[in-house]
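Residues per chain, in single letters:
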Amino acid sequence: MHNVVISGTGLYTPSNSISNEELVESFNAYVQAFNAENAGAIERGEIEALAESSVAFIEKASGIKSRFVVDKDGILDPKRMTPRIPERTNDEWGILCEMAVAAAKQALERAGKTPADIDGVIVACSNLQRAYPAVAIEVQAALGIDGFGYDMNVACSSATFGIQAATNAVQTGQARAILMVNPEICTGHLNFRDRDSHFIFGDAATAVIIERADQATSKHQFDVVGTKLLTQFSNNIRNNFGFLNRAAEEGVGARDKLFVQEGRKVFKDVCPMVAELIAAHLDENKLNVTDVKRFWLHQANLNMNLLIARKLLGREAEPQEAPVILDTYANTSSAGSVIAFHKHQDDLPSGALGVLSSFGAGYSIGSVILRKR
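Keep in mind it's a predicted model, so treat the numbers as computed, not measured.

Undergrad: Describe helix H9 (residues 302-313), with residues and values.
TA: End to end, H9 covers 16 Å across 12 residues, agreeing with the expected 16 Å (1.5 Å per residue, within 8%). Where the residues of H9 are buried, they touch helix H8 (263-284), strand S11 (292-297) and strand S12 (353-360). For H9, the capping residue at the N-terminal end is Asn301, with a side-chain oxygen 2.8 Å from the backbone nitrogen of Asn303. Backbone geometry just after H9 places Gly314 at a positive phi near 75°.

Undergrad: Residue-level account of the packing of H8 against H9, with values.
TA: In the contact formed by H8 and H9, the axes pass within 9 Å of each other and the chain directions differ by 40°. In this view, H8 runs oblique relative to H9, as classed from their interaxial angle. Helix-helix and strand crossings are classified by hand; for H8 and H9 the assignment is right-handed. Contacts from Val266, Phe267, Val270, Cys271, Pro272, Val274, Ala275, Ile278 and Ala279 of H8 reach H9 at Asn303, Met304, Leu307, Ile308, Lys311 and Leu312. Of the residues belonging to the contact of H8 with H9, the class tally is 13 nonpolar, 1 polar and 1 charged.

Undergrad: Any details on the nonpolar core? Residues and values, ideally.
TA: Ile278, Leu282 and Phe295 are the most contacted members of the largest nonpolar core, which totals 47 residues. Going through the elements one at a time, helix H1 (20-37), helix H4 (73-76), H8, S11, H9, S12 and strand S13 (364-372) are the ones with two or more residues in this core. In terms of residues, this core owes the most to one element, H8, which gives 9 residues. Not counting residues within four places of it along the chain, the set of residues in contact with Ile278 comprises Phe295, Leu297, Leu312, Val355, Ser357 and Ser367. Judged by nonpolar contacts, the second largest core, of 35 residues, contains Leu11, Val170, Val338 and Leu348.

Undergrad: How would you explain the environment of Ser350 if you had to name every residue and give the values?
TA: Tracing the sequence through the fold places Ser350 in the loop between helix H11 (335-343) and S12. Look past the residues within four positions of Ser350 in its chain and what remains in contact with it is Lys372 and Arg373.

Undergrad: Which residues make up the pairing of S13, and what are the values?
TA: Most of S13 sits out of view: 8 of its 9 residues are buried. In terms of strand pairing, S12 meets S13 through 8 bridges, oriented antiparallel. If you follow Leu356 over to S13, its bridge partner there is Val368. If you look at the hairpin formed by S12 and S13, you'll find 3 residues sitting between the two strands, and Gly362 has a positive phi there, around 140°.

Thresholds applied
- Residues numbered from 1 in each chain as written.
- Predicted model: local features only at pLDDT ≥ 70, side-chain atom pairs only at ≥ 80, totals over all residues.
- Heavy atoms only, no water.
- Helix = DSSP H or I, 4+ residues; strand = E, 2+ residues; numbered from the N terminus.
- Expected span 1.5 Å × (residues − 1).
- Contact = heavy atoms within 4.5 Å.
- Polar contact = N/O pair within 3.5 Å; in protein donor to acceptor, adjacent residues only side chain to side chain.
- Axes fitted to C-alpha atoms, helices over the stretch in contact; angles between N-to-C directions.
- Parallel < 35°, antiparallel > 145°, perpendicular 65-115°, else oblique.
- Left-handed = near helix turned anticlockwise from the far one by under 90°.
- Nonpolar A, V, L, I, M, F, W, Y, C, P; charged D, E, K, R; others polar.
- Core = buried A, V, L, I, M, F, W, Y, C linked by side-chain atoms within 4.5 Å.
- Buried < 20%, exposed > 50% of the residue type's maximum accessible area, 1.4 Å probe, protein only.
- Pairing = 2+ DSSP bridges.

Everything listed here is a matter of coordinates, which is why it stays silent on function.
Rendered as structure tokens:
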């Protein structure tokens with residue numbers, strides 16, 4: 001069994017950003033038009049008037065102030081309110097592949113590796129653009145990597161589940177190194193006409209190189225001390241879009257074919273589960289919570305992260321202990337915790353312990369304990 005390290009991370013950030021102010025202006029324009037067009041039905045009590053959103057509401061509910069997106073104009077158009085992403089021919093690299101490759105190149109550079117050093121590609125994300133062929137095999141071809149590739153989806157926990165799968169492959173000698181990438185176009189499945197969720201998601205892609213410790217040369221190495229995963233079925237976060245929709249015409253275009261959640265139930269259920277899993281994982285590795293210098297938590301909601309850190313530490317976390325990136329990136333699903341890790345790792349001293357954790361639909365929770373080399 002080989003010792004395993006994370007030796008490089010990468011991040012692709014779209015060039016477009018939408019502020020809360022811009023998003024609210026678009027949403028409220030849609031609401032005003034809807035209420036005006038349906039004034040008679042609203043007055044008769046046949047339908048309910050839509051309520052406007054506000055910057056204060058968004059920031060209090062989530063801590064999000066802006067988000068990066070692959071397309072801005074389509075989202076902010078009150079008559080469209082979804083990104084405009086033109087179809088590409090089968091002879092062109094897909095947009096998820098393009099994003100993944102950009103993040104992967106940065107991760108390879110930080111790891112001091114070339115595609116020839118990589119034996120496998122895992123694309124782990126919530127928002128796969130097609131059923132097949134696997135996006136991972138496309139990324140593999142675009143980078144010129146020999147070996148294997150496959151896609152996996154465990155919603156927002158996909159990155160930590162992907163790290164464990166990659167770690168297992170390297171530990172057992174199946175691969176020298178694995179590229180694990182998380183390309184997320186979350187705005188494609190977000191209902192921008194839903195007041196309770198129209199602000200939640202942004203787009204990004206992250207990449208992680210997982211390799212044998214004895215072959216690593218990077219200055220950015222973290223030992224993978226251990227991984228721990230948990231799933232528990234819940235309908236409180238769901239998206240029913242899929243190829244079987246065409247077999248049931250009555251459901252086409254229904255609200256549940258986009259992202260839906262029972263936010264308060266998710267908050268109540270998930271926060272204690274995450275804190276308990278991380279605490280148990282540390283205990284299994286004979287480590288104390290006080291040994292951990294940094295928690296790179298899933299970036300879904302600021303209040304969730306504050307509560308999880310408080311449950312673990314028994315006090316409020318200092319900003320550097322549980323860094324936040326969702327204020328500018330919003331929820332980027334599987335990419336969020338890796339963005340936090342990518343941006344907040346270089347200042348840690350050798351020997352410092354950190355926990356990378358993601359959680360989301362399923363429910364699914366992943367914990368990865370890392371030690372800086």
